[in-house]
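Summary of structural features
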Amino acid sequence: MTTKKADISWKDLKFGYLKTDYRFVSHYKNGKWDDGQLVSDDYLRIHESSTALHYGQQCFEGMKAYTAKDGRILLFRPDRNAARMRQSCEALLMAVYPEDKFVDAVKKVVKANERFIPPYGEGASLYIRPFLIGVGENVGVKPASEYVFSIFVTPVGPYFKGGLNPCHFVTSEFDRAAPRGTGAAKVGGNYAASLKAHQIAVEQGYTDCIYLDPATRTNIEEVGAANFFGITKDNVFVTPDSPSILPSITKYSLLHLAEHNLKLKTEQRDVPVSNLDELVEAGACGTAAVITPIGSITHCGITTKFYRDGTEVGPITKKLYDLLTGIQFGDIEGPENWVVEL
Ligand code: PLP
Ligand code: COI
């Protein structure tokens, strides 16, 4: 049976919040998680002294559901998000939500909101936001003994305006994370720390900022909501290697596709900001950003432009985009277990 779709102008969707019918909520108390349930209330009632509110003891994930041409509903590598949430929880001493139950809960909430999953070919998808927060009475700086795990979904369009038109970035004077801090965990504090840097970049007329590595401030790190990659003059796919960037599932997927499908050499290594001329193409990649071509990067007043003077998506970036989105929307067969059908 096909569900009647919500009355939404799918093509006009931006990356924003739209209330859907159900969210999944589970509580952790006395050392165990309850079974969790789908609820329609989009508000959470939590104690005023919750660690999530005061000490940032919280983490989240970002993933998407896609409608294939034949109507199947597909998830992209949800086991990777489950594993990354476990790592984020471990970094902040939070109760871990079991990885298999995480994937089951994602399927449940996506299915329950089927009418909000954008149809194939509309340039949109259903964004899935699992999050886990420390709650309960707790004033001292210590881990909570109670937690809430929840997942909401919302239909979204592109994160960066312009689709495959290149965006322009500037390096930030701020760091989003400390060298031995929480940069590799998907925790709210990293994002709070990025808000001002983002605003300054936008006020200067850029799409967003790029962070430098906080240890030496000499290498490209990542964008506030996406990883960075570049293609060298010799067709090598390079992406920064740093302990303070978020291990992007999209980035690891691109590394695999570049190597196995496009037969490119790949390197995870330092990408010096003083040597951006080595790159002929550059891009930002992530669940929300998908692949966004980077037209130029400005650093200390000097602008380096990439493919065709920063005006067009480069051919390798385009091939990677077509491959990645082809797999995500079920048009191209991807590596085993990457795509999970509902
Ligand atoms: N880096 C940051 C800071 C992010 O917020 C995201 C988004 O999740 C990414 C990178 C990309 O990660 P992924 O490809 O797993 O979505
Ligand atoms: C994602 O790509 O899922 C992200 O988490 C980016 C988000 C912070 C908007």
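Per chain, residue numbering runs from 1 following the sequence as it is written. Key to labels: chains lettered from A, ligands numbered from 1, both in the order written. Under the rules for a predicted model, residues below a pLDDT of 70 receive no local features and side-chain atom pairs below 80 are neither given nor counted, while totals for whole chains, interfaces and linings still include all residues. To obtain the side-chain values, all non-hydrogen atoms of the structure were used and water was disregarded.

The domain boundaries here were taken from an automatic or database domain assignment. Under the domain assignment, the protein chain is made up of domain 1 (10-156) and domain 2 (167-328). For domain 1 and domain 2, the distance between their C-alpha centroids amounts to 26 Å. Values labelled buried area give the accessible surface lost by two parts on being combined, using a 1.4 Å probe and summing over both. Between domain 1 and domain 2, the buried area comes to about 1,500 Å², and carbon and sulfur atoms account for 65% of it. Interface area lost by domain 1 to domain 2 is led by Phe60, Phe76 and Arg84, which between them contribute 40%.

Criterion used throughout: strands pair if DSSP finds at least two bridges between them. The secondary structure listing takes helices from DSSP runs of H or I that are at least 4 residues long and strands from runs of E that are at least 2 residues long, numbered from the N terminus. Where strand 13 (residues 236-239) meets strand 14 (residues 265-268), four bridges bridge the pair, whose relative direction is parallel. Paired with threonine 239 across the two strands is glutamine 268, which belongs to strand 14. Place the viewer so that the strands point away; then a crossover is right-handed whenever the path from the first strand over the helix to the second strand goes clockwise. At this point the chain moves from strand 13, through helix 6 (residues 249-260), to the parallel strand 14, and the crossover so formed is right-handed.

The subject of this paragraph is the state of the cysteines. Disulfide assignment relies on a single distance test, namely cysteine sulfur atoms paired within 2.5 Å. Following the criterion strictly, the structure yields zero disulfides and no others. Of all cysteine sulfurs, the one in cysteine 89 lies closest to cysteine 59, which takes part in no disulfide; the gap is 3.8 Å. The structure places no disulfide on cysteine 300, whose sulfur is separated from the nearest cysteine sulfur, that of cysteine 209, by 14 Å. Cysteine 300 gets classed as exposed once you look at its relative accessible area, which sits at 68%. Summary of the burial criterion: residues with accessible area below 20% of their type's maximum are buried, those above 50% are exposed, and those between are partly exposed, where the area comes from a 1.4 Å probe applied to protein chains only.

With that settled, the discussion passes to the packing of helix 2 (residues 78-91) against helix 3 (residues 99-112). Interaxial distance between helix 2 and helix 3 falls to 9 Å at its minimum, and their mutual angle equals 125°. As summarised for this structure, helix 2 and helix 3 are arranged oblique, according to the angle between their axes. Helix 2 and helix 3 meet at a crossing whose hand is right-handed. In this structure, helix 2 contributes Pro78, Asp79, Asn81, Ala82, Ala83, Met85 and Arg86 to the contact, and helix 3 contributes Glu99, Phe102 and Val103. Basically, the charged four are Asp, Glu, Lys and Arg, the nonpolar ten are Ala, Val, Leu, Ile, Met, Phe, Trp, Tyr, Cys and Pro, and anything else, Gly included, counts as polar. Residues belonging to the contact of helix 2 with helix 3 are distributed by class as follows: six nonpolar, one polar and three charged. What counts as an axis is a line fitted to C-alpha atoms, over the stretch in contact for a helix, and the angles between N-to-C directions run from 0 to 180 degrees. When describing relative orientation, an angle under 35 degrees is termed roughly parallel and one over 145 degrees roughly antiparallel, while 65 to 115 degrees is termed roughly perpendicular and anything else oblique. Crossings are sorted by hand: turned counterclockwise from the far helix by less than a right angle, the near helix makes the crossing left-handed, and turned clockwise it makes it right-handed. Here a residue-residue contact requires only that any non-hydrogen atoms of the pair lie within 4.5 Å.

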